[in-house]
Amino acid sequence: MGYFDIPVDHVYCQPVVLDYLASKSFASNDLVVVSPDVGGVARARAFAKKLSDAPLAIVDKRRQGHNIAEVMNLIGDVRGKVAVMVDDMIDTAGTIAKGAALLHEEGAQEVYACCTHAVFSPPAIERLSRGLFQEVIVTNTIPASEKNNFPQLTVLSTANLLGETIRHIHDDSSISSIFQ
């Protein structure tokens, strides 16, 4: 794994986001999990499985250059559904914003964006706060500055997850069991 010559475990924030979404009490037949690109399908599929095996949709896009995305097609059905877009990070928000616009065009009732790392390079805040999203759900793996705050933003703490991970390491027990 990378540059380490000792074992390294990945700590996934998926349980933090899933717990938060579960608290919203969505009807499972109203949900569809959306991958904002083909590269995130495995992540979205795993996420959908944990959300009562929700259906999956994929935004097929072609990237024209670095940090420039063009949405082409939607694979799957979102009409009348609550679409939950899942990605590992949001940088300039070009991909996820264009994907959300497409989901609305295709009849999604509401669109939520979920990611682990909120990089939020300009013009991300402008794109995320212009009404495409019911809510933008991120974790605090990157500290959020006050200037990057907007009404739809929800920042979830990873403190309990990290504490549980440390406890498992200290007790010499399985870290992967946290994510099952």
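Described in the following lines is the structure provided in the data block. Everything numeric in this text was worked out from a predicted model, so none of it was measured.

## Focus: unusual backbone geometry
- In this model, Pro122 is joined to Pro123 through a cis peptide bond whose omega is 5°.
- Here Pro123 is to be found in the loop between strand E5 (110-118) and helix H4 (124-128).
- With phi around 55°, Ser52 is a residue other than glycine that occupies positive phi space.
- Along the chain, Ser52 turns up in the loop between helix H2 (41-50) and strand E2 (56-65).

## Focus on the layout of surface pockets
- The volume enclosed by the largest pocket comes to roughly 520 Å³.
- What lines the largest pocket is a set of 20 residues, among which Tyr12, Cys13, Gln14, Arg43 and Thr116 lie closest to the centre.
- Elements with a contribution of two residues or more to the lining of the largest pocket: helix H1 (14-22), H2, strand E4 (82-90) and E5.
- Looking at the lining of the largest pocket, the element that brings in the most residues is E5, giving four residues.
- Along the lines of polarity and charge, the residues of the lining of the largest pocket split into 11 nonpolar, six polar and three charged.

## Some words on the side chain of Thr158
- Tracing the chain through its elements places Thr158 in the loop between strand E7 (153-156) and helix H5 (159-170).
- Beyond its immediate sequence surroundings of up to four residues, Thr158 is in contact with Cys13, Thr139, Asn140 and Thr141.

## As for the pattern of salt bridges
- Taken as a whole and judged by the stated rule, the model has five salt bridges.
- A salt bridge links Arg167 to Asp171, with the nearest nitrogen and oxygen atoms 3.2 Å apart.
- The class for Asp171 is partly exposed, based on a relative accessible area of 44%.

## Description of the nonpolar core
- With 30 residues, the main nonpolar core has Val34, Leu103, Phe120, Leu128, Phe133 and Val136 as its most contacted residues.
- It is helix H3 (residues 94-105) that contributes the most residues to this core, five residues altogether.
- With near-sequence residues (within four places) excluded, Leu128 lies in contact with Ile90, Ala93, Ile96, Phe120, Phe133, Val136, Phe150 and Gln152.
- In terms of nonpolar packing, the next biggest core, distinct from the first, is built from 23 residues, Val17, Leu51, Ile137 and Ile178 among them.

Criteria and thresholds
- Residues numbered from 1 in each chain as written.
- Predicted model: local features only at pLDDT ≥ 70, side-chain atom pairs only at ≥ 80, totals over all residues.
- Heavy atoms only, no water.
- Helix = DSSP H or I, 4+ residues; strand = E, 2+ residues; numbered from the N terminus.
- 1 Å grid on protein atoms, 1.4 Å probe; cavity = no way out; pocket = protein on both sides within 12 Å on 5 of 7 lines; lining within 4 Å.
- Points joined across faces, edges and corners; volume = space filled by probe spheres on them.
- Nonpolar A, V, L, I, M, F, W, Y, C, P; charged D, E, K, R; others polar.
- Contact = heavy atoms within 4.5 Å.
- Salt bridge = Lys/Arg side-chain N within 4 Å of Asp/Glu carboxyl O.
- Buried < 20%, exposed > 50% of the residue type's maximum accessible area, 1.4 Å probe, protein only.
- Core = buried A, V, L, I, M, F, W, Y, C linked by side-chain atoms within 4.5 Å.

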